[in-house]
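Here's the letter readout for the chains.
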Amino acid sequence: MTSLLFLAQATVSYTNLALQLMVGDANYYAGKLKLKESLPIQVTNLIDSSISDRMSAVSGYIKTSNYLYEFTQGRLESLSRNDVFEENQDSRTNPASTFREREAVEYSRGFLETFSFDMAYVSQKFRRTFQAAPAGSHSFYLDSRFRSRNHMPMARLAWELDSTEWNEQFHSIDFYYYEPTKELVAMRLAPGYITSAPVIWNHPLLVVTNAADIVVPAFFSGEATSAVYRAVISTNEVKGLVAKAHAEMRRQLGTNKAGCYFVSDNLNLPDVVAKEAKALLSDAPWMGTSDRWRDDLPFPREEMDRVGSGKRGISILAVAGSFSMEIHSIPAVNYQPAMRKFPPNETQEDEKEWRAARSEGEKYLKIEASKLAGQFHLSDKDPNIMLLLLSENSPGTTEWEQSFSALMAENATVEDRLGFEIPCPRRRSIYLDGKSSTNVIAAVCLSGPFPYGYGFFPGSHSSGGKGRVDDKIITSLFNRYKFKAHPLEDIALCFTERAIEIMRNADRVEAIRVELDWERKYPKAKKMDGYHIIGFAPEQPNTFARALTQAVANERYTFGSVGKACIFQPGVIFKCWRGKEMVKLTICFNCDDMWIAAYDEQGKEFATTIVDFGRNRPELVKLCQKAFPDDATISQLKEKDDSD
């Protein structure tokens with residue numbers, strides 16, 4: 001029993017269908033377990049019921065005149081006879097137990113097989129225990145899950161998961177039998193919470209149809225890609241691509257009514273796209289982004305064409321459903337000092353000036369973020385999805401996202417969806433009101449009955465009770481940014497084009513073997529950047545530098561602050577020299593991380609970044625082995641990390 005929806009509040013349609021599914025399961029298992037029920041159980045005959053509203057699958061309970069059935073995450077978790085929870089006044093001394101462990105195991109095994117448990121797995125992973133009411137006893141206290149005060153003579157059979165593997169609360173399978181009749185009176189199936197247990201329930205999705213109180217948002221996307229890779233796309237071709245994407249979107253949309261549209265392109269003619277989209281998307285509000293496609297990056301022509309092929313075009317996403325959409329923006333944003341980072345090796349006076357500008361920039365961002373946030377009318381009842389859009393001249397992309405998110409977090413799911421995975425600004429325009437602009441900050445809010453995602457747990461979010469909107473919704477919205485800047489532009493922005501040119505045109509490459517001296521093995525060795533120098537290789541020519549550049553500056557890298565559960569222990573340092581300019585690569589093969597720093601002719605660092613080169617490890621291993629052919633450690637490096 002799996003729910004398709006994860007709602008902020010259980011609606012009438014959802015509740016009715018969930019009850020029907022739970023009653024259906026109760027009928028099935030009551031028959032299989034031979035419970036003393038009056039079958040078939042009907043929704044109208046239930047004594048009590050409850051449907052949990054903030055769960056990713058059907059959860060709740062139903063109570064008949066005889067039994068209580070509890071469901072969690074679409075599975076029957078436990079059942080118990082109603083009188084198990086009642087005080088039994090019969091305090092006569094009971095005879096010695098006649099219910100044997102072998103009988104209990106046989107009974108329970110049949111029940112577990114009914115629930116599709118793999119008994120070989122259970123026997124291997126769980127420790128079995130058996131308890132029966134002792135002679136003379138008139139009371140048998142159930143475990144903390146049921147908290148019974150009854151006086152019924154019962155036997156308990158349990159399979160308990162090994163203490164090193166259980167997940168805190170749910171770690172056992174429990175069966176309780178009434179000894180005089182050997183009737184099953186209570187049961188708990190914990191392995192619904194133990195992911196490694198091979199439990200198989202193949203219930204259909206909970207699909208609510210023709211329900212006025214549930215309108216699930218639907219997404220319809222049309223896209224058009226430039227057939228031939230070219231640096232310049234003509235105005236007529238851009239118009240044709242807009243029309244083609246719109247026609248495909250309309251075909252998918254069918255009779256559904258769009259509530260809003262999102263546009264994304266990298267065709268380098270945002271004004272043309274804006275005009276065409278305004279004429280075609282007049283029935284609902286729309287907004288979008290236009291990334292600038294650069295074709296003059298410092299990479300070989302064949303590599304630019306290969307990486308960029310098939311990645312230019314336009315997409316139009318229509319969102320249909322019952323929700324409200326608000327778009328607000330701050331125009332003419334040009335406060336650049338807040339965006340500038342402090343350059344290394346500058347004077348104290350420079351740092352003082354930078355800090356002052358930074359402080360002013362932060363004040364500006366907070367004020368403007370507060371103004372923008374104050375314009376929205378967020379729903380208290382339904383989820384809110386907030387999309388923050390920053391254009392080319394938006395100051396401090398990270399600072400903006402943080403400031404705006406902090407203001408909105410109590411009331412909305414705030415996501416910074418610029419389409420970048422590295423801390424670099426993008427060159428882009430934003431579409432608003434059918435026009436394009438390069439210096440605005442915009443935010444879009446969708447409020448409505450969106451499903452909640454699996455990450456929601458009561459109490460783990462703000463006091464406002466907001467949870468994360470389902471990932472399917474977020475992913476659909478974010479995928480509208482399919483047409484971005486050239487993939488190699490991120491590389492050029494983080495390395496800087498100057499550093500790439502230095503590497504490609506280097507006249508020589510130094511190769512140095514280093515180690516981190518944990519055991520003081522090299523007390524007399526010289527150091528470089530804190531690492532002991534244990535060897536040098538002959539200088540390598542420009543051909544080596546070009547191969548190194550191709551292995552380092554490509555689209556397969558992950559940029560930014562790389563956090564891993566290991567210590568950076570480099571083994572090789574390459575220095576690529578072009579005259580007095582230099583780019584230094586410090587490579588650690590233990591964690592597949594590389595620190596890159598570039599220096600000008602005066603030795604001042606003008607660029608630095610750290611990358612995860614895991615997907616480029618084979619190329620780098622070969623180059624290091626070429627530079628150090630006789631080094632035992634380097635020769636034993638594997639082209640693929642064993643931890644992959």
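Here we summarise the structure given alongside this text. If you're wondering where the values come from, they're calculated on a predicted model, not measured in any experiment.

### Digging into the overall build of the protein
Across its full length, the protein carries 14 helices and 28 strands. Scored against the burial criterion, the 644 residues of the protein give a buried share of 50%. Nonlocal contacts in the protein, meaning residues at least 24 apart in sequence, comprise 72% of its contacts between residues at least 6 apart. As displayed, the protein offers around 30,600 Å² of accessible surface, 49% of which is attributable to carbon and sulfur atoms.

### Brief notes about the pairing of strand S12 (residues 258–265)
When a strand is regular, its side chains alternate between the sheet's two faces. Across the eight residues that make up S12, a large majority, seven, are buried. Of the strand pairs in this sheet, S12 and strand S14 (residues 313–320) are connected by seven bridges, and their pairing is antiparallel. Note on S14: the bridge partner recorded for Tyr-261 is Ala-318. In the sheet, S12 pairs with strand S13 (residues 286–291) via five bridges, with the strands oriented parallel. In the sheet register, Ser-264 faces S13, and the bridge partner there is Thr-289. Each parallel crossover has a hand, and for S12 linked through helix H5 (residues 270–280) to S13 it is right-handed.

### A few points about the packing of aromatic side chains
By convention here, two paired aromatic rings are described through the distance between centres and the angle between planes. Per the counting criterion, the structure on display carries eight aromatic pairs. Here Tyr-67 and Tyr-69 contribute two aromatic rings whose centre-to-centre distance is 6.3 Å and whose plane-to-plane angle is 40°, an arrangement assigned as tilted. Both residues of the pair, Tyr-67 and Tyr-69, belong to the buried class. Grouped by ring-pair contacts, the aromatic residues Tyr-107, Phe-175 and Tyr-177 constitute a single cluster.

### Describing the pattern of salt bridges
Side chains that carry opposite charge are capable of pairing whenever their charged atoms lie near each other. Under the definition given, this model contains 22 salt bridges. One salt bridge connects Arg-301 with Asp-295, and the closest N-O pair in it is separated by 3.0 Å. Given the relative accessible area of 38%, Arg-301 is considered partly exposed. With a shortest N-O distance of 3.9 Å, Glu-515 and Arg-513 are connected by a salt bridge. Like Arg-513, Glu-515 is buried. Salt bridges here are not isolated pairs; linked through shared partners, they connect Lys-36, Arg-81 and Glu-183.

### Some remarks on empty space enclosed by the protein
Remark: the empty space left among the atoms is shown by a probe the size of a water molecule rolled over them. Here the structure, examined in full by the defined rule, presents three cavities of 30 Å³ or more. Taken as a whole, the second largest cavity spans an internal volume of roughly 40 Å³. Residue lining of the second largest cavity: Thr-225, Ser-226, Val-228, Tyr-229, Arg-230, Gly-308, Ser-309, Gly-310, Lys-311 and Arg-312, and that is the complete set. Its residues assigned to classes, the lining of the second largest cavity comprises two nonpolar, five polar and three charged.

### So, the sheet that holds S12
Taking strand neighbours across the sheet as the criterion, the six strands line up as S11-S14-S12-S13-S18-S19 in an open arrangement whose pairing is mixed. Only two strands of the sheet have a single partner each, and these edge strands are strand S11 (218–225) and strand S19 (435–437). Ignoring strand direction, the axes of neighbouring strands in this sheet form an average angle of 20°. Of the strands in this sheet, S11, S12 and S14 touch helix H4 (residues 235–253), which is tilted by about 150° from S11.

### Things to note about unusual backbone geometry
A cis amide bond links Leu-39 with the next residue in sequence, Pro-40, at an omega value of 0°. Along the polypeptide, Pro-40 turns up in the loop between helix H1 (12–32) and strand S2 (48–51). One non-glycine residue with positive phi stands out, namely Lys-34, at about 55°. Along the chain, Lys-34 falls in the loop between H1 and S2. Assessed through its relative accessible area of 71%, Lys-34 is described here as exposed.

### Observations concerning the state of the cysteines
Evaluated as defined, the whole model comprises zero disulfides. Take Cys-588: it sits in no disulfide, and the sulfur closest to it among the cysteines is that of Cys-591, at 3.3 Å.

### Examining the packing of helix H12 (residues 542–552) against helix H13 (residues 617–627)
Any two packed helices are characterised by how steeply their axes cross, that is the angle between the axes, and by the distance between the axes. The interhelical angle for the contact between H12 and H13, taken along N-to-C directions, is 155°, at an axis separation of 9 Å. In terms of their interaxial angle, H12 and H13 are classed as roughly antiparallel. As H12 runs across H13, the sense of the crossing is left-handed. Residues Phe-544, Ala-547, Leu-548, Ala-551 and Val-552 of H12 pack against Glu-619, Leu-620, Leu-623, Lys-626 and Ala-627 of H13. Grouping the amino acids of the contact of H12 with H13 by side-chain chemistry returns eight nonpolar, no polar and two charged.

### Some thoughts on the side chain of Asp-600
Its place among the elements puts Asp-600 in the loop between strand S27 (593–599) and strand S28 (605–612). Buried and without a salt bridge, Asp-600 has Arg-498 as its closest oppositely charged side chain, separated by 5.1 Å. A polar atom in the side chain of Asp-600 sits 2.8 Å from the backbone nitrogen of Lys-604. Excluding residues that lie within four positions of it along the chain, Asp-600 makes contacts with Arg-498, Lys-580, Glu-581 and Phe-606.

### Here we look at the side chain of Thr-289
Positionally, Thr-289 belongs in strand S13. Classification of Thr-289 as buried rests on a relative accessible area of 0%. Setting aside anything within four residues of it in sequence, one finds Thr-289 in contact with Val-263, Ser-264, Asp-265, Leu-389, Arg-428, Ser-429, Ile-430, Tyr-431 and Tyr-481.

### Thoughts on the packing of helix H10 (residues 487–495) against helix H11 (residues 497–504)
Where H10 contacts H11, the axes come no closer than 6 Å and their chain directions differ by 90°. Here H10 lies roughly perpendicular to H11, going by the angle between them. Mapping the contact onto sequence places Ile-491, Ala-492 and Phe-495 in H10 and Glu-497, Ala-499 and Ile-500 in H11. Split by residue class, the contact of H10 with H11 holds five nonpolar, no polar and one charged.

Cut-off values and rules
Residues numbered from 1 in each chain as written. Predicted model: local features only at pLDDT ≥ 70, side-chain atom pairs only at ≥ 80, totals over all residues. Heavy atoms only, no water. Helix = DSSP H or I, 4+ residues; strand = E, 2+ residues; numbered from the N terminus. Buried < 20%, exposed > 50% of the residue type's maximum accessible area, 1.4 Å probe, protein only. Contact = heavy atoms within 4.5 Å. Areas by Shrake-Rupley, 256 points an atom, 1.4 Å probe, with all protein chains shown as cover. Pairing = 2+ DSSP bridges. Right-handed = clockwise from strand over helix to strand, strands pointing away. Phe/Tyr/Trp six-rings, centres within 6.5 Å; stacked < 30°, edge-to-face > 60°. Salt bridge = Lys/Arg side-chain N within 4 Å of Asp/Glu carboxyl O. 1 Å grid on protein atoms, 1.4 Å probe; cavity = no way out; pocket = protein on both sides within 12 Å on 5 of 7 lines; lining within 4 Å. Points joined across faces, edges and corners; volume = space filled by probe spheres on them. Nonpolar A, V, L, I, M, F, W, Y, C, P; charged D, E, K, R; others polar. Axes fitted to C-alpha atoms, helices over the stretch in contact; angles between N-to-C directions. Disulfide = S-S within 2.5 Å. Parallel < 35°, antiparallel > 145°, perpendicular 65-115°, else oblique. Left-handed = near helix turned anticlockwise from the far one by under 90°. Lys, Arg positive; Asp, Glu negative; His and termini not counted. Polar contact = N/O pair within 3.5 Å; in protein donor to acceptor, adjacent residues only side chain to side chain.

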